Amino acid sequence: MKELKRIGADSVALAVERELQYRFSSPENLQLLRELIEYYQENGLDVLVWLGETFGHEGGKPEGDQPYANMRLIDEGDIKAFCPLDESFKRDMCSWITKIAECGAKMILLDDDFRLGLRPGLGCCCDLHLMELKRELGEAISVEHLREKIFHGGGSRYRSAWMKVQRESMYRFANALRKAVDAVDPGIRLGMCCSLGSWDAEGIDVFQLAEILAGGTRPIIRICGAPYWAAQQPEHNRLGDVIEAARTQLAWCRTREIDVITEGDTYPRPRFATPASYLECFDMILRSDGNAEGILKYAFDYISDADYETGYVDAAVRNQVLYQWIGRNFKSGQCLGVRPYNVTHLLEHSRLDGEKPELWEKIQTRSVRYPSIRLAAANSLPVSYEEGNVNIVFGENARYIPWQTLKDGAILDLPAAKILMEREIDVGIQSILSRDAYVKPGFTAVPQEFFREEKIYTRLSDGVEISKINHKNGAEILTEYHDPAGMEAGVFTYENADGMRFLVFPFDAEQARERLGWLDSYARKRQLIKRIPWLQRRKMEVYAVGNYPYLYLMAKRDQEGITIGLWNLFEDEAVNVEVTVELPIKHVSYANCSGHQDGNRIVLDTSLYPFAFAGIRCDLEKPPAGKDEGKG
């Protein structure tokens, strides 16, 4: 309790693990839960009971007799998790959640194992699900035939039926849980934790599932994307990527009648595994974003003794003054910056090539690991999810972006460009001839990108497939790709007859996401900052050009001025950080740093140490009536 008060918590989450032999909690643990709920409520804290398991987190092959029907993944076979279509499993889960509700819980959250995929693999193809699929299709289909139908080519009735069956099995299970809770108290809130596939590969509509669980109460979800992703898998997730993935989900939720909390998970704890600095940057940036109701902050190592790891609480206490500054200065206004254009539910109508070995991972995780957010995060581009900003449109997202929105300007990869061409939108490409991936095994040379304007070469990792493009008149070639196989034209810009302006990468950004240099480079940052004003026909209001890898920049404009947050999400100290503000500045103040103004540049006099924060508040001169100083 001392540590909860020290960190300033207003709620506490009590994790309840599933005990199969008791279906699913022992009488002793239920009694303990009842006592803890009463204790924390008496001490002024709201209590959330967090069901640590529903279907089960475990993958792997089941061993011995199983109490319920196991899930059977379409690409992995039977696993240890249980299928929601098993009536006895559903009955026992309803009995368990009834007992939890009777302990006095006012809010219950299902952990992110409340899903069918990502164990690894996709969906459930057990006998029960195949029976439902047969009813939906009007024909029987084997798993092998289903795999072929689903993961080759474009959308089909087989893929749609399969996703519908997956979705409805989740909805029915959720509805049964809600009815069980209602029998105890209809006022109890029941929510869920999202997983990587919730927004796409699961086939569900997150908001509909949340409403089913909520019943007559206000829906609540915990989105996914946690600091430990960056700590445990840095090759896949930089901290900036994870934070922007969370902001993407928050943007999807902000117009809905739903409460959203973020995943401040430091698994597996203590700080040897996930640093407190990761959690604090994550928390502060999402506070600044302002679209979440709160954070599920994993500040306690609940496996060890309560006072074993106090470092997460210590860090939060030290940052209380910064939280307050953020709360005052970021509380209103609109974010400025580029717009990663990403939509939910891509899988059903995507064009897929089932022979690619990385296909399963891409399908499951792309809804929160978009390459568009890697491009923004790596290059310190401020991000806004508002209309009217230049759009980063990669891959299948191009099927859904409105024609009119493209007139705000767009940064495309080659798959997106091809989709727009199918939509009869001119992107400056006459024809495309595929070329093998750069640098095959055995080559000692590395590919390079030559930036024509700067006349510099930059290193690229191999393994990214590019294409030889015949450009239309009016395309301006900005870079070239060089390797032992020759040279190809690279990034180009183009304006079509409808006034749409594009900057096009001649490669698949998904393929390039984790390959060094294709999306993340100092030269790429300078290229983008120079071209974005042309794309969107107005200045970038705020940007930082210097060589600062993964410097996270958030800028929010209100009626009086602009608030800028800088977080150094990289392991090196950032020295002499410069931020340009393309608006008339009247006065500048600083938080957690010092600096000076040099025209429209603001220069930090203090170094920004790894995972440190600097706040800047710019009061602006009032523009003349009828004039917006940000245009032009």
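Here the structure is a predicted model, which means the values were calculated and not measured.

Reading guide: rules and limits
Residues numbered from 1 in each chain as written. Predicted model: local features only at pLDDT ≥ 70, side-chain atom pairs only at ≥ 80, totals over all residues. Heavy atoms only, no water. Helix = DSSP H or I, 4+ residues; strand = E, 2+ residues; numbered from the N terminus. Rg over C-alpha atoms; globule rule 2.2 N^0.38 Å. Buried < 20%, exposed > 50% of the residue type's maximum accessible area, 1.4 Å probe, protein only. Contact = heavy atoms within 4.5 Å. Areas by Shrake-Rupley, 256 points an atom, 1.4 Å probe, with all protein chains shown as cover. Axes fitted to C-alpha atoms, helices over the stretch in contact; angles between N-to-C directions. Left-handed = near helix turned anticlockwise from the far one by under 90°. Nonpolar A, V, L, I, M, F, W, Y, C, P; charged D, E, K, R; others polar. Phe/Tyr/Trp six-rings, centres within 6.5 Å; stacked < 30°, edge-to-face > 60°. Lys NZ or Arg CZ within 6 Å of the ring centre and 35° of its normal. Salt bridge = Lys/Arg side-chain N within 4 Å of Asp/Glu carboxyl O. Pairing = 2+ DSSP bridges. Arc of directions from axis to C-beta. Polar contact = N/O pair within 3.5 Å; in protein donor to acceptor, adjacent residues only side chain to side chain. pLDDT = per-residue confidence, 0-100.

Right, let's talk about the overall build of the chain for a bit. In terms of regular secondary structure, the chain is built from 18 helices and 32 strands. A compact globule built from 632 residues should have a C-alpha radius of gyration of about 26 Å, and the chain, at 26 Å, falls within 12% of that. Considering only C-alpha atoms, the chain reaches an extent of 70 × 60 × 50 Å along its principal axes. Scored against the burial criterion, the 632 residues of the chain give a buried share of 56%. Here the analysis covers contacts within the chain between residues at least 6 apart in sequence; of these, 72% occur between residues at least 24 apart. If you sum the accessible surface of the chain, you get close to 25400 Å²; carbon and sulfur atoms cover 48% of it.

Bringing the packing of helix α9 (residues 239–253) against helix α10 (residues 276–289) into the picture now. Where α9 contacts α10, the two axes come as close as 10 Å, and the packing angle between them is 30 degrees. In the packing of α9 onto α10, the handedness of the crossing is right-handed. Taking contact as the criterion, the partners of Leu239, Val242, Ile243, Ala246, Arg247 and Leu250 in α9 are, on α10, Tyr278, Cys281, Phe282, Ile285, Leu286 and Asp289. When its residues are assigned to classes, the contact of α9 with α10 shows ten nonpolar, no polar and two charged.

Applying the stated rule across the entire model yields 28 aromatic pairs. Ring plane angle 80 degrees and centroid distance 5.1 Å describe the contact between Phe55 and Phe173, whose orientation is recorded as edge-to-face. One end of the pair, Phe55, is in the loop between β2 (46–51) and β3 (70–73); the other, Phe173, is in helix α6 (residues 157–182), and 118 residues separate them in sequence. Between the aromatic rings of Tyr481 and Trp518, the centroid separation amounts to 5.2 Å while the plane-to-plane angle is 40 degrees, which identifies the pairing as tilted. Here the residue Tyr481 occupies a position in strand β21 (residues 479–483), and Trp518 occupies one in the loop between α17 (509–512) and α18 (522–536), the gap between them amounting to 37 residues. Tyr481 gets classed as buried once you look at its relative accessible area, which sits at 0%. Between Arg238 and the ring centre of Tyr550, over which it is positioned, the NZ or CZ distance is 4.8 Å.

Let us now look at the pattern of salt bridges. Enumeration according to the criterion identifies 53 salt bridges in this entry. Note that Arg189 is salt-bridged to Asp259, the shortest N-O span being 2.9 Å. Of this pair, Arg189 sits in strand β7 (residues 189–193) while Asp259 sits in strand β9 (residues 259–264); the two residues are 70 residues apart in sequence, bridging distant segments of the chain. Since its relative accessible area comes to 18%, Arg189 is described here as buried.

A word on the sheet that holds strand β18 (residues 456–459). The strand order β18-β17-β21-β22 describes an open sheet built from four strands, whose pairing is antiparallel. Lying at the two open borders of the sheet, with one neighbouring strand each, are β18 and β22 (486–489). Adjacent strand axes in the sheet meet at a mean angle of 25 degrees, parallel and antiparallel pairs treated alike. In this sheet, β21 lies alongside strand β17 (residues 448–451) in antiparallel orientation, the contact comprising four bridges. Looking across to β21, one finds that Phe450 is bridged to Glu480.

The next subject is helix α7 (residues 206–214). In an α-helix, one turn spans 3.6 residues; hence positions three or four apart end up facing the same way. Every buried residue belonging to α7 is among Val206, Phe207, Leu209, Ala210, Leu213 and Ala214, and all of these are buried. The arc that holds the buried residues of α7, viewed along the axis, is 160 degrees, so those residues lie on one side. Its buried side turned inward, α7 meets β5 (107–110), α6, β7, β8 (220–222) and α9. Where α7 begins, one side-chain oxygen reaches toward the backbone nitrogen of Phe207, 2.9 Å away; that side chain belongs to Asp205. Phi turns positive, to about 65 degrees, at Gly215, one or two residues after α7.

Turning next to the confidence of the model for the chain. When pLDDT is low, close inspection of the predicted coordinates is not appropriate. Here the chain shows a mean pLDDT of 93. Residues at 70 or above account for 95%. In this model residues 437–444 is a low-confidence stretch, pLDDT under 50, and it forms 19 contacts with partners more than four residues away in sequence or in other chains.

Taken in spatial order, the seven strands line up as β1-β2-β5-β7-β8-β9-β10 in an open sheet, and their pairing is parallel. The outermost strands of the open sheet, each flanked by one partner alone, are β1 (11–16) and β10 (294–297). Here the strands of the sheet are splayed against their neighbours by 25 degrees on average, with no regard to which way each runs. Alignment of β9 against β10, held across four bridges, turns out to be parallel.

Structurally, the position occupied by Pro270 is in the loop between β9 and α10. Each C-alpha atom of the pair Pro270 and Ser304 lies 8.8 Å from the other, and the pair is 34 residues apart in sequence. Every residue in contact with Pro270, bar those within four places of it in the chain, is listed here: Asp301, Tyr308, Glu309 and Tyr312.

This brings us to the environment of Arg115. Looking at where Arg115 falls in the secondary structure, it is placed in the loop between β5 and α4 (127–137). Sequence-wise, Arg115 and Ile204 are 89 residues apart; in three dimensions their C-alpha atoms are separated by 9.6 Å. Contacts of Arg115, omitting those with residues within four sequence positions, involve Phe55, His57, Met71, Met170, Ser195 and Glu202. Engagement of the side chain of Arg115 in a polar contact is seen with the backbone oxygen of Gly117, the distance being 2.9 Å.

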